[in-house]
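Spelled out from the first residue to the last, the chains are:
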Amino acid sequence: QKEVEQNSGPLSVPEGAIASLNCTYSDRGSQSFFWYRQYSGKSPELIMFIYSNGDKEDGRFTAQLNKASQYVSLLIRDSQPSDSATYLCAVQSGGGADGLTFGKGTHLIIQP
Amino acid sequence: NAGVTQTPKFQVLKTGQSMTLQCAQDMNHNSMYWYRQDPGMGLRLIYYSASEGTTDKGEVPNGYNVSRLNKREFSLRLESAAPSQTSVYFCATRRGMNTEAFFGQGTRLTVV
């Protein structure tokens, strides 16, 4: 059974600080990794994806992947109240045809 | 360019009633998916269609059927609704492996 684990939170971070969101996955053959943001009552929207070990930066967001440790993280710098949302980690396992496996999400609260 | 369109957005059913959730995409993607999202459970895959003409069961297929009508449309049918099927249902599409999923707006279904 493919599993993706996230701390459900809530994770409370002061405005302007760095928010760090973590995710572990069980399938060592996983190939690609995605972070989605979901506002309450809305559908998930993609923030970033990462395929290779290391860091990938896009504006205030940095995704980090460590395949040996089966760990992926998302850093949000200069956190804003508008970043308050649930963040979903999604993983594509080796087969891939059956889509993405999602974690249960981390609820992030940015305190003004 | 609508992306992924789901209908209806809201629905209330009585136990034992049937209904079909519709999903249409104009992104020319091969793969389509139906997920349900419940509090504390994350997104769980119900059924998927890797390409036109094929459908397969996901993690939680019991009580559902699907039809991939053509490349654009993928419907989800509840033959005899149960209160346990109260959930938010999301349709998603992907171009292929190692690509992001795009989500529809969701259908909030309540079974009483």
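Just above sits the structure.
Because the structure is a prediction, the values reported are computed rather than measured. (Residues numbered from 1 in each chain as written. Chains lettered and ligands numbered in written order. Predicted model: local features only at pLDDT ≥ 70, side-chain atom pairs only at ≥ 80, totals over all residues. Heavy atoms only, no water.)

Caption draft 1: A look at the sheet that holds strand 6 (residues 54–58) of chain A. Across the sheet, which stays open at both edges, the 5 strands sit in the order 1-3-8-7-6 (chain A) with antiparallel pairing between neighbours. Of all the strands in the sheet, just strand 1 (4–5) and strand 6 of chain A have a single pairing partner and so form its edges. (Pairing = 2+ DSSP bridges. Helix = DSSP H or I, 4+ residues; strand = E, 2+ residues; numbered from the N terminus.)

Caption draft 2: Layout of the state of the cysteines. Using the criterion set out here, one finds 2 disulfides over all chains in the structure. The disulfide partner of Cys 23 of chain A is Cys 89 of chain A, and the gap between their sulfur atoms is 2.1 Å. Taking the torsion about the S-S bond as the criterion, the Cys 23 of chain A to Cys 89 of chain A disulfide, at about -75°, is left-handed. Here Cys 23 of chain A, found in strand 3 (residues 19–25), pairs with Cys 89 of chain A, found in strand 9 (residues 85–92); they are 66 residues apart in sequence, far enough to count as distant. We note that Cys 23 of chain A, like Cys 89 of chain A, is buried. Put simply, Cys 23 of chain B and Cys 91 of chain B are joined by a disulfide, and their sulfur atoms are 1.9 Å apart. (Disulfide = S-S within 2.5 Å. Buried < 20%, exposed > 50% of the residue type's maximum accessible area, 1.4 Å probe, protein only.)

Caption draft 3: Examining the environment of Glu 100 of chain B more closely. Looking at where Glu 100 of chain B falls in the secondary structure, it is placed in the loop between strand 9 (87–94) and strand 10 (102–103). Residue Glu 100 of chain B is classed as partly exposed on the basis of its relative accessible area, which comes to 22%. The residues touching Glu 100 of chain B, leaving out its near neighbours within four places in the chain, are Phe 34, Tyr 36 and Leu 46 of chain A together with Thr 93 and Arg 94 of chain B. (Contact = heavy atoms within 4.5 Å.)

Caption draft 4: Inspection of the side chain of Thr 93 of chain B at higher detail. All names here are of chain B. Note that Thr 93 resides in strand 9. Accessibility expressed as a relative area gives 0% for Thr 93, which makes it buried. At 2.9 Å, the side chain of Thr 93 and the side chain of His 29 are in polar contact. Once residues lying within four places of it in the same chain are set aside, the contact partners of Thr 93 are Val 4, Gln 25, Met 27, His 29, Ser 31, Met 32, Tyr 33, Glu 100, Ala 101 and Phe 102. (Polar contact = N/O pair within 3.5 Å; in protein donor to acceptor, adjacent residues only side chain to side chain.)

Caption draft 5: Region of the structure containing the pattern of salt bridges. A complete count under the given rule lists 6 salt bridges over all chains for this structure. Taken together, the salt bridges that share partners define one network made up of Arg 36, Asp 38 and Arg 44 of chain B. (Salt bridge = Lys/Arg side-chain N within 4 Å of Asp/Glu carboxyl O.)

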